[in-house]
Amino acid sequence: MPIRYLHTMVRVLDLEKSMAFYRLLGLEEIRRIDNDKGRFSLVFMAPPDQPDCPVELTYNWDGDEGLPSDSRHFGHLAYRVENIYDLCQKLMDAGITINRPPRDGHMAFVRSPDNVSIELLQDGHLPPQEPWASMPNTGHW
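All figures in this text were calculated on a predicted structure; none of them were measured in a lab.

Undergrad: Got a minute to help me understand the sheet that holds strand β4 (residues 55-60) in this structure?
TA: The strands making up a sheet are joined through hydrogen bonds of the backbone, oriented either antiparallel or parallel. The strand order across the open sheet built from eight strands is β2-β3-β4-β1-β5-β8-β7-β6, with neighbouring strands paired in mixed fashion. Sheet topology places β2 (28-35) and β6 (98-100) at the edges, where each strand pairs with a single neighbour. Each strand axis lies, on average, 30° off the axis of its neighbour in the sheet, ignoring direction. In this sheet, β4 lies alongside strand β3 (residues 40-46) in antiparallel orientation, the contact comprising six bridges. From the neighbouring strand, Val-43 faces β4, where its bridge partner is Leu-57.

What follows is the structure in structure tokens.
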């Protein structure tokens, strides 16, 4: 099954200050998503010659009281997959807990043995199907 690295996400307390830091490292803003309903911004920054290797800065407009002390600053690694249902089944068969099942045919979360959160994103969308559509979350991601 082909797999493709997408991005690494980190939560930030002060978006402008964080962007300034990453600019000092040589990264540039390559994409931004401002979500009015969810009250958050996602800013993707990458080196000029590596747009396929961005860091996603996740900023919650209403603040995040746990930052930076509760380790919520690191969010997840994200990978686009060819068939999310097949991969989740393969992981489950290997004893991996599916923390957030792919109920929508698009997104799932699992954790590595070291407790690193991994986001799996379907290349395109698959229609919801069982057992995934009614499977509850397990733990957190």
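That covers the picture; the talk isn't over yet.
Undergrad: It is not clear to me how helix α2 (residues 84-93) should be interpreted in this structure. Could you clarify?
TA: An α-helix turns once every 3.6 residues. As a result, residues three or four positions apart point the same way. Considered for burial, the residues of α2 that qualify are Ile-84, Tyr-85, Leu-87 and Cys-88. Burial along α2 is one-sided: seen end-on, the buried residues are contained in an arc of 165°. Seen from the buried face of α2, the exposed residues on the opposite side, beyond 90 degrees, are Lys-90 and Asp-93. Phi turns positive one or two residues past the end of α2, at Gly-95, with a value near 90°.

Rules used throughout
- Residues numbered from 1 in each chain as written.
- Predicted model: local features only at pLDDT ≥ 70, side-chain atom pairs only at ≥ 80, totals over all residues.
- Heavy atoms only, no water.
- Pairing = 2+ DSSP bridges.
- Helix = DSSP H or I, 4+ residues; strand = E, 2+ residues; numbered from the N terminus.
- Axes fitted to C-alpha atoms, helices over the stretch in contact; angles between N-to-C directions.
- Buried < 20%, exposed > 50% of the residue type's maximum accessible area, 1.4 Å probe, protein only.
- Arc of directions from axis to C-beta.

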